[in-house]
Amino acid sequence: MNVDQHLKVAQWHIEQARLHATSQHTCGCPVNEHYQRIIDEIEAGKVEEELVCSTEK
């Protein structure tokens, strides 16, 4: 993905989170290994630039 595509995906995720938080919507989004790694990095405060986009690490 290019930068613009990454930003669009991030914008979609932010909007989904906002909608989930402000409505009676029940989220069924699965937490897969890739997302869990991202959550762990955010919670640890160690977001590092990835030079190669990959869901494997």
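As a starting point, this report considers the structure included with it. (Residues numbered from 1 in each chain as written. Predicted model: local features only at pLDDT ≥ 70, side-chain atom pairs only at ≥ 80, totals over all residues. Heavy atoms only, no water.)

### Considerations on the pattern of salt bridges
Side chains that carry opposite charge are capable of pairing whenever their charged atoms lie near each other. Under the defined criterion, the tally for this structure stands at four salt bridges. Across the pair Asp4 and Lys8 runs a salt bridge whose closest N-O atoms are separated by 3.0 Å. Of this pair, Asp4 and Lys8 both sit in helix α1 (residues 3-21), four residues apart, which is roughly one turn of that helix. You can call Asp4 partly exposed: its relative accessible area is 42%. One salt bridge in this structure joins Arg18 and Glu15, with 2.6 Å as the shortest N-O distance. Taken together, the residues Arg18 and Glu15, both in helix α1 and three residues apart, mark about one turn of the helix. A relative accessible area of 42% means that Arg18 is categorised as partly exposed. A residue is classified by how much of its surface remains accessible, and Glu15, at 33% relative accessible area, is partly exposed. (Salt bridge = Lys/Arg side-chain N within 4 Å of Asp/Glu carboxyl O. Helix = DSSP H or I, 4+ residues; strand = E, 2+ residues; numbered from the N terminus. Buried < 20%, exposed > 50% of the residue type's maximum accessible area, 1.4 Å probe, protein only.)

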